[in-house]
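# Structural description and commentary
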Number of protein chains: 2
Amino acid sequence: MFNTLYLPELRELLAQNNSAEMKEFSVALHPARAAEFMEGLTPAETWMVLQHADLARRVEVFSYIEQDKQIEIVRTQDRREIAKVFAEMPADDRVDLLNEIDDKIVSEILPLVPAEERRDILRLRAYPEGTTGALMTTEFAKLRESLTVAEAFAELGCQAEQLETIYYLYITDDHQDDRLRGLVSARQLVSAIGKPNTRLSELMERDLVVVNVWADQEEMAETVAKFDLLAIPVIDDDQRMLGIITHDDVIDVMREEATEDAHRIAGVNPLKESYLDTHLLRLTWKRGLWVTVLFFAALLTAFLLDHYEQYRQWWPWLVLFIPLVISSGGNSGNQSATLVITALSIGDIHLRDWLRVVWRELAIGLLMGSFLSFIGFIAAFLLIKDNAVVSAAVLALTLLLVVVCGTILGASLPLLFKRIGLDPALMSNPFVAGIIDILGIVIYMSVACTLLPPQGS
Amino acid sequence: MFNTLYLPELRELLAQNNSAEMKEFSVALHPARAAEFMEGLTPAETWMVLQHADLARRVEVFSYIEQDKQIEIVRTQDRREIAKVFAEMPADDRVDLLNEIDDKIVSEILPLVPAEERRDILRLRAYPEGTTGALMTTEFAKLRESLTVAEAFAELGCQAEQLETIYYLYITDDHQDDRLRGLVSARQLVSAIGKPNTRLSELMERDLVVVNVWADQEEMAETVAKFDLLAIPVIDDDQRMLGIITHDDVIDVMREEATEDAHRIAGVNPLKESYLDTHLLRLTWKRGLWVTVLFFAALLTAFLLDHYEQYRQWWPWLVLFIPLVISSGGNSGNQSATLVITALSIGDIHLRDWLRVVWRELAIGLLMGSFLSFIGFIAAFLLIKDNAVVSAAVLALTLLLVVVCGTILGASLPLLFKRIGLDPALMSNPFVAGIIDILGIVIYMSVACTLLPPQGS
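Along each chain, residue indices are assigned from 1 in the same order as the chain's sequence is written. As they are written, the chains are lettered A onward and the ligands numbered 1 onward, keeping that order. Where totals are concerned, whole chains, interfaces and linings use all residues; where local detail is concerned, this predicted model gives features only for residues with pLDDT of at least 70, and gives and counts side-chain atom pairs only at 80 or more.

### Thoughts on the overall build of chain A
Of the regular secondary structure elements, chain A holds 21 helices and six strands. Restricting the calculation to C-alpha atoms gives the radius of gyration, and the globule rule supplies 2.2 Å times the number of residues raised to the power 0.38. Computed over C-alpha atoms, the radius of gyration of chain A comes to 31 Å, more than 25% over the 23 Å expected from 2.2 N^0.38 for 457 residues, which places it beyond the range of a compact globule. Using C-beta atoms placed from the backbone, we call a residue buried if 20 or more other C-beta atoms fall within 10 Å of its own, exposed if 12 or fewer do, and partly exposed for counts in between. Put simply, chain A has 457 residues, and 46% of those count as buried. The contacts in chain A between residues at least 6 apart in sequence include a share of 71% that link residues at least 24 apart. In DSSP terms, a helix is any run of H or I states spanning at least four residues, a strand is any run of E spanning at least two, and both are numbered starting from the N terminus. Our contact criterion uses C-beta atoms placed from the backbone: two residues qualify when those atoms are within 7 Å.

### A short note on the sheet that holds strand E5 (residues 231–235) of chain A
All names here are of chain A. The sheet built from three strands is open, its strands ordered E4-E5-E6 with mixed pairing. Taken across any chain shown, the strands that pair with only one partner, and hence form the sheet edges, are strand E4 (211–212) and strand E6 (241–246). The axes used here are C-alpha line fits, helices contributing only the stretch in contact, and every angle between their N-to-C directions lies in the interval 0 to 180 degrees. Contacts between helix H14 (residues 217–227) and the sheet are confined to E4, E5 and E6, with E5 contributing the most and set at about 135 degrees to the helix. This element, helix H15 (residues 247–265), spans E5 and E6 of the sheet and lies at about 65 degrees to E6. When DSSP finds two or more bridges between a pair of strands, those strands are recorded as paired.

### As for the sheet that holds strand E3 (residues 180–185) of chain B
All names here are of chain B. Strand order in the open sheet formed by three strands is E1-E2-E3, with mixed pairing between adjacent strands. This sheet does not close on itself; its edge strands, each paired only once, are strand E1 (142–144) and E3. Within this sheet the neighbouring strands show an average axis-to-axis angle of 35 degrees, counted without direction. Where strand E2 (residues 168–172) and E3 come together, five bridges link them in antiparallel fashion.

### Comments concerning the nonpolar core
The term nonpolar core refers to a group of buried residues, namely Ala, Val, Leu, Ile, Met, Phe, Trp, Tyr and Cys, whose C-beta atoms join them within 7 Å. By size, the foremost hydrophobic cluster in this structure holds 225 residues, and its most contacted members are Leu169 of chain A together with Leu169 of chain B. The residues contacting Leu169 of chain A, other than those within four sequence positions of it, are Ala141, Leu143, Val184, Ala186 and Leu189 of chain A.

### Topic: the pairing of E2 of chain B
Note that E1 of chain B and E2 of chain B share three bridges and pair parallel. When the bridges of E2 of chain B are listed, Arg144 of chain B appears paired with Thr172 of chain B.

### Topic: the domain arrangement of chain A
For every domain, the bounds stem from an assignment made automatically or drawn from a database. Domain boundaries in chain A define domain 1 (7–128), domain 2 (142–246) and domain 3 (280–451). The gap between the C-alpha centroids of domain 2 of chain A and domain 3 of chain A is 53 Å.

### What about helix H18 (residues 322–345) of chain A?
Residues and elements named next belong to chain A. Relative to the 34 Å expected for 24 residues at 1.5 Å per residue, H18 spans 34 Å between its end C-alpha atoms, a close match to the ideal helical length. Among the 24 residues in H18, 24 count as buried, and that is most of the element. In the segment just after H18, Gly347 is the residue with positive phi, at about 80 degrees. The span you would expect from a helix comes to 1.5 Å times its residue count less one.

### As for the confidence of the model for chain A
The score called pLDDT rates the predictor's confidence residue by residue, from a low of 0 to a high of 100. Looking at chain A, pLDDT values average 86 and 97% of them are 70 or higher. What the predictor reports for the complex is a pTM of 0.76 with an ipTM of 0.75.

### Focus: helix H7 (residues 79–88) of chain B
All names here are of chain B. Ile82, Val85 and Phe86 are the residues of H7 that are buried. The buried residues of H7 occupy one face: seen down the axis, they fall within an arc of 100 degrees. Elements that come into contact with the buried residues of H7 comprise helix H5 (55–64), helix H6 (67–76), helix H8 (91–98) and helix H9 (103–109). What the arc covers is the set of directions going from the helix axis to the C-beta atoms.

Listed below in structure tokens is the structure:
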């Protein structure tokens, strides 16, 4: 539901071209809230309202507008005005946006952006999506280590206007401007305000946590979460500082990765765009691929069942419980797989814990399996007319074995995937279900062959 | 794999009781890194190493130690020393830790904590887990609105020592100390350093994003992510400011919620503790509950199949494809459910999009279903001896219908759950699979009844 409170008023202001009130609207509210109130406007209307705010505010509100609308505005509105916005946007956000826009339009806008900003955009665009470099911003507070506290405040006063954030001040070598030596937090600097002649080199922390510009974004996010950082400096292979990643990008990465994991667990290749924006045929392909692989696995069950034809003729009741057997195994297996995948991804368990995990799953499989066996035994006893006790025992034993197999397989596969260097979430759930389908039928028929006499009574 | 680089050296230092070097160890490294290097030590050894650091550093390193070890240290080490650590720990972290410890031990430690800190602990412990209040810290930079920039720096110089962070300065009413009026970022204050006589009331942002102390932590995290905040002020029903939530807690909440969703999707009641720490019987209960519910659903298929007994006797090949039919429907349904649940949770789709979602799923169901139909037709044609064309057509039509039902059901159930106010992730996958099991068999048998003659040829 979008917020429609201001919508009629905004439309009226637009119709009257009431500049003062439109300016007031964009100044009084938090930029994110102003963007929210404009959700009901068309891209062109939104852009018209924004024209009445000064450039700094316009850029702030613009950055909170939904991406679809941003793209539409960039595509359709005056290139010269758009270039002004790009010149002022945070370095990381504008690159994200430009990556969504047709190259032809980008090539029309870029020449209108001031040279320094343009070079920055081109540099950041060189890092492929998924790397730390593609997320970083080149705007951060940089101070030389020989500065005193008083000089640092003066220098910061000049830098702060252009920066997104200054919670960490990065301290560089006096001779080589881009070699990172240490870090002073805004808190530390403010605490030292009573000692204006202290040098930054005396205040700074020297043991820094950094990330390489080519590192995978997931690895970067893990590091930030582990060390509880607000921002992390990004360095190249020669230890030169190139930029920082800020906390908001880390939150986005963590969300993205959690969603990708959830998709993989359900056997969907992770989507690049949002669900509604992904082309129907691409979405079908990303899903159909695994559905088809699993289809062939399930097709094996038909051949298996064909193999046990005679037994099915002797004991027709066996057929009744096929869905029950395979779905009991599948459900308990999926639970185990999901628990192990999520525990691995948040670091609750490690590969070295594998034996403990398998033991736990064995115990849980035995407990749940015994209980389901018991219910299964009663149900089969009531439903099957002849040789009821032995028949019910066949079902009960099958259920116990299948549930135990399900929990152990479900827990082991993600661990195995991780061990051989694959993503543990790699469609483990359908994979587990597919194996359990086949295994369930083999177990069911083998138990029946063992316990039941070869001919119907 | 824990880091064993320093382990032998650390053990040796402990044996020699080499105080200078142990102090150096805890000062030179980033606290998180020092904690990591001590992973191989026992809780008692870790505590002994920490004794050689000064209190501030000891508390910092302690806060990065794994929780299990923290708990063990608190339980076993000298209460007086532990109380000193609690007095210095960030307000939110110490409450989290105390909540994990037996009440008896807590009641021994608390009287040893200074009165002011103790009151703070008791106040924060009053908020139930899952609320914003349980996560907040009471340590934040608070300034009166009549202060000038110069006065603010002086005041902050005093406050900063005790604070976790000062990226946002909260500006309060001159008369009522705890009524929040506005906010000045550290960046804004530093930019204004050249205008020392400016009042904070002129600098501050007045349109603030706040969260109620009783709000659900998930709601709070959503707000912080949406507005890209570093911290969010927490207020009570009378608009008084009680504390702040910092970005690191937001990252933790987002992880926790993603994991809970993943568990629900797989039909596991979310765990309170980590996988390995959850008692085996509790884990069995959290999983067994849904497995049993689903078991009864699957049991229905046995009665259904029993109902179609005659058909199964006329056309014995029907049985062969039962697992194939139900798992094709289940897999495509689970994909749809997971895609819709994750898209809902990250805000990519909203309830108002339901018609678009259902149309998309219908189209994808038809595409994937047709393809699987085609493969199914060929497989059945090769496997079935008599009346092969009609029989293969039965399977093909069934597969198409089941896959379409699966995708539409999988997409609709989470939307429906959300509409009636339930969590869309509420075990939707096993739920979908359970319904598809039953529906799949009804569709299969109905198609067979319609297309095949009532007696085997």
